[in-house]
Amino acid sequence: MASVPSLASTVQQRLADGLSAALPDAGSADPLLRRSDRADFQANGILALAKQLKGNPRELATKVVEAIPANDVLKEIEVSGPGFLNITVTDRAIVETLAARAADARLGVPFSESAGTTVIDYAQPNVAKEMHVGHLRSAVIGAAMVEILEFTGETVVRRHHIGDWGTQFGMLIQYLIEHPHELDHKAEDGAEVSGEEAMSNLNRLYKASRALFDSDEEFKTRARGRVVDLQAGDEETLALWQRFVDESKIYFYSVFDKLDMDIRDGDVVGESGYNDMLTETCRILEESGVAVRSEGALCVFFDDVKGPDGNPTPLIVQKSDGGFGYAATDLSAIRDRVQNLKATSLLYVVDARQSLHFKMVFETARRAGWLNDEVKAVQLAFGTVLGKDGKPFKTREGETVRLVDLLDEAVDRATAVVREKAEKVGLSETEIVENGQYVGIGAVKYADLSTSAARDYKFDLDQMVSLNGDTSVYLQYAYARIKSIFGKAGDRTPAAHPELELAPAERALGLHLDRFAETVSEAATEYAPHKLTAYLYQLASLYTTFYDQCPVIKPEPAQEVAENRLFLCDLTARTLHQGMALLGIRTPERL
Ligand code: ARG
């Protein structure tokens, strides 16, 4: 289906036509249309144009208005202030535009004209380690960006850059060799081990091996030897390493499952996946002069990156002992993503505390020519999750909070909220449990997505599952309420009636519905899912006002009015549903 123009784009076009009719020499001047509180839209472009033409802006504005022929889209254009235009559209134009969008399965959201291939690096926990709230943020924000970008027609490749390599594996593997039953499963043969059990095994093993490593010099020596074996590709050592990876994946997948998130095994390409490229990456960087040897290490220097002592802090690509680290892996991953996956954009959903690393890695890749005008790299950096006290989220004992515990608690609280209303709605026990999950997990995701990613936010479950305020459950209730209206509508069905005059709450809702496509496109191009979240919250709020002021069922309005209102209800529901789906949040039909 051809793209459906929004009201804003139609108005923009009419004004642009008026501008060029009034000022044939002005070229294609932009009327700079904005949403406005005073009227439906405001155009500010004439001010700049008048300045450029050294004319009087108010006079020019009047000329433009006169040049716009009578039509049934623009109801009123008023010249205001120094030369703004305040524009009110007709009720007919609102309803007709929405009707065209409602007829489109994509709700009028066009495919991007500049679609390319984006590789998104997100949801990247570390092997043999518990996931924490930082991993939650990366997963939630990344998954939303995947959906939003795919919806606009971008080809998206997902990459879960899990931490599955490094010297700590020497210690873990050596310990497992000396305590061979530590990763055995309690369950009977063939029965699947739970994520919980997998993680608790790994945790225990991690702690025990660390303690031994720190206290027993001989074990330390054996563990270091084991690192050498691992790097040399010794088969027995690799097989043991693989056991840690597999065991961790059981745990990761159980958490992602809880998060109602679809993570595919083929997209998990951890640090180890680039091992074969590391030597070559270093060779290219050294031969091109991008990296230089300094005290034995292969380094890249930057004028603007200095340590506290004023000396430059290099990016170390290869250590003086020949070992490769995090940077060499990320640089190799860039080569792979650009050259093999043919990415045009690389998006990294990673904690803001790694910003310096990415700044240096991206700059290095630019110098090497892997990134350039055709291929960009962006870190979608996110802030820290704080506790209620405003400090980084920790348990009372000062340990990082286990992600699973948080999610379970969110679901528990949400289930209680759902249960309170369940009788009235007539929910079965199964529905209560299912909705509790949708509401609880939705609450956690929504809290993460409702402020701009860069900001820190407080993890406050009470606030997250509150029915009033900027929460997912507020939106979920708005959706379910609309669905229940349809249950009561009898034989009345949604139908657009452009001939009707709209009530103020209907107009406000209609104008906001018109903004869905532009909001999705902004969220996609700016990597800003919070813009979509804010839009949906406002949609639910405007719907609430509409619902209070414009009866749909009782008292029974005239047939056409009822149909038109049902039409607005239906489009609101579909927009909420689609928008929430892009954020990874479910909208139960009954709540
Ligand atoms: N595993 C890392 C961590 O837990 C995040 C990886 C980010 N991605 C990357 N390409 N470096 O901090």
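- By the naming in an unreviewed UniProt entry, the protein chain goes by Arginine--tRNA ligase and is assigned to Streptomyces viridochromogenes.
- The UniProt entry for the protein chain carries this comment under Catalytic activity (unreviewed entry): "tRNA(Arg) + L-arginine + ATP = L-arginyl-tRNA(Arg) + AMP + diphosphate".
- You can read under Subcellular location (unreviewed entry) in the UniProt record for the protein chain the words "Cytoplasm".

Things to note about the pattern of salt bridges
1) Next: Per the stated rule, a full pass over the model turns up 42 salt bridges.
2) Next: Residue Arg419 pairs with Glu429 through a salt bridge whose shortest N-O separation is 3.1 Å. One end of the pair, Arg419, is in helix α13 (residues 403-425); the other, Glu429, is in helix α14 (residues 429-449), with ten residues separating them in the sequence.
3) Next: Owing to a relative accessible area of 41%, Arg419 belongs among the partly exposed residues under this scheme.

Describing the nonpolar core
1) Next: With 157 residues, the main nonpolar core has Ile87, Phe244 and Phe459 as its most contacted residues.
2) Next: The biggest single contributor to this core is helix α5 (residues 133-151), with twelve residues.
3) Next: Beyond its immediate sequence surroundings of up to four residues, Phe244 is in contact with Val127, Phe169, Leu172, Ile173, Leu176, Leu183, Leu202 and Leu205.
4) Next: Residues Val317, Leu346, Tyr348 and Phe362 belong to the second largest nonpolar core, which totals 31 residues.

Here's the deal with the environment of Asn435
1) Next: Along the chain, the position of Asn435 falls in helix α14.
2) Next: Setting aside residues up to four positions removed in sequence, Asn435 forms contacts with Val418, Leu427, Pro588, Arg590 and Leu591.

Observations regarding the packing of helix α6 (residues 168-178) against helix α9 (residues 235-258)
1) Next: Relative orientation of the contacting elements α6 and α9 amounts to 100°, with a least axis distance of 10 Å. Put simply, α6 runs roughly perpendicular to α9. Mapping the contact onto sequence places Phe169, Leu172, Ile173, Leu176 and Ile177 in α6 and Glu236, Thr237, Leu240, Trp241, Arg243 and Phe244 in α9.
2) Next: For the contact of α6 with α9, the residue count by class is eight nonpolar, one polar and two charged.

Notes on helix α20 (residues 559-583)
1) Next: Spanning 25 residues, α20 covers 36 Å between terminal C-alpha atoms, matching the ideal 36 Å at 1.5 Å per step.
2) Next: Burial within α20 is extensive, with 18 of its 25 residues counted as buried.

Concerning the sheet that holds strand β1 (residues 33-35)
1) Next: Judged by pairing direction, the sheet is antiparallel, and its four strands sit side by side in the order β1-β2-β4-β3 without closing on themselves. Looking at which strands have only one partner, the edges of the open sheet turn out to be β1 and β3 (74-80). Strand-to-strand twist across the sheet, computed as the mean angle between neighbouring axes with direction ignored, equals 25°.
2) Next: With three bridges joining them, strand β2 (residues 41-43) and strand β4 (residues 84-89) adopt antiparallel strand pairing. When the sheet's bridge partners are listed, Ala43 is paired in β4 with Leu85.

What about the UniProt feature "short sequence motif: 'HIGH' region" (unreviewed entry) in the protein chain?
1) Next: According to UniProt, the positions carrying the feature "short sequence motif: 'HIGH' region" (unreviewed entry) are residues 125-135.
2) Next: In this annotation, residues 125-135 is assigned 27% helix and 0% strand; the end-to-end C-alpha distance for the span is 6 Å.

Some remarks on the side chain of Thr519
1) Next: Looking at where Thr519 falls in the secondary structure, it is placed in helix α18 (residues 516-525).
2) Next: Take Thr519: its relative accessible area is 7%, and that puts it in the buried class.
3) Next: Discounting chain neighbours no more than four positions away, the residues touching Thr519 are Lys531, Leu532 and Tyr535.

Some words on the site of the ligand
1) Next: Around the ligand sit Asp121, Gln124, Asn126, His135, His161, Tyr326, Asp330, Tyr348, Val350, Gln354 and Phe358, and those are all the residues in its vicinity.
2) Next: Between a nitrogen atom of the ligand and a main-chain N or O atom of Gln124, the distance comes to 3.0 Å.
3) Next: The fraction of the free accessible surface of the ligand (350 Å²) that becomes covered by protein chains is 89%.
4) Next: Where the shell around the ligand is concerned, the elements lending two or more residues are α11 (326-340) and β10 (345-351).
5) Next: Looking at side-chain class alone, the shell around the ligand contains four nonpolar, five polar and two charged residues.

Here we look at the sheet that holds β10
1) Next: Spatial ordering of the open sheet is given by β6-β5-β10-β11, a layout of four strands whose pairing is parallel. Only two strands of the sheet have a single partner each, and these edge strands are β6 (155-159) and β11 (376-382). Here the strands of the sheet are splayed against their neighbours by 20° on average, with no regard to which way each runs.
2) Next: Both strand β5 (residues 117-121) and β10 contribute to a ladder of four bridges, which runs parallel. When the bridges of β10 are listed, Asp121 appears paired with Tyr348.
3) Next: Strands β5, β6 and β10 of the sheet are contacted by α11, whose axis makes an angle of about 145° with β10.

Reading the values: rules and limits
Residues numbered from 1 in each chain as written. Predicted model: local features only at pLDDT ≥ 70, side-chain atom pairs only at ≥ 80, totals over all residues. Heavy atoms only, no water. UniProt positions renumbered as here; feature names shortened; annotations may be inferred. Salt bridge = Lys/Arg side-chain N within 4 Å of Asp/Glu carboxyl O. Helix = DSSP H or I, 4+ residues; strand = E, 2+ residues; numbered from the N terminus. Buried < 20%, exposed > 50% of the residue type's maximum accessible area, 1.4 Å probe, protein only. Core = buried A, V, L, I, M, F, W, Y, C linked by side-chain atoms within 4.5 Å. Contact = heavy atoms within 4.5 Å. Axes fitted to C-alpha atoms, helices over the stretch in contact; angles between N-to-C directions. Parallel < 35°, antiparallel > 145°, perpendicular 65-115°, else oblique. Nonpolar A, V, L, I, M, F, W, Y, C, P; charged D, E, K, R; others polar. Expected span 1.5 Å × (residues − 1). Pairing = 2+ DSSP bridges. Near = heavy atom within 4 Å. Polar contact = N/O pair within 3.5 Å; in protein donor to acceptor, adjacent residues only side chain to side chain. Areas by Shrake-Rupley, 256 points an atom, 1.4 Å probe, with all protein chains shown as cover.

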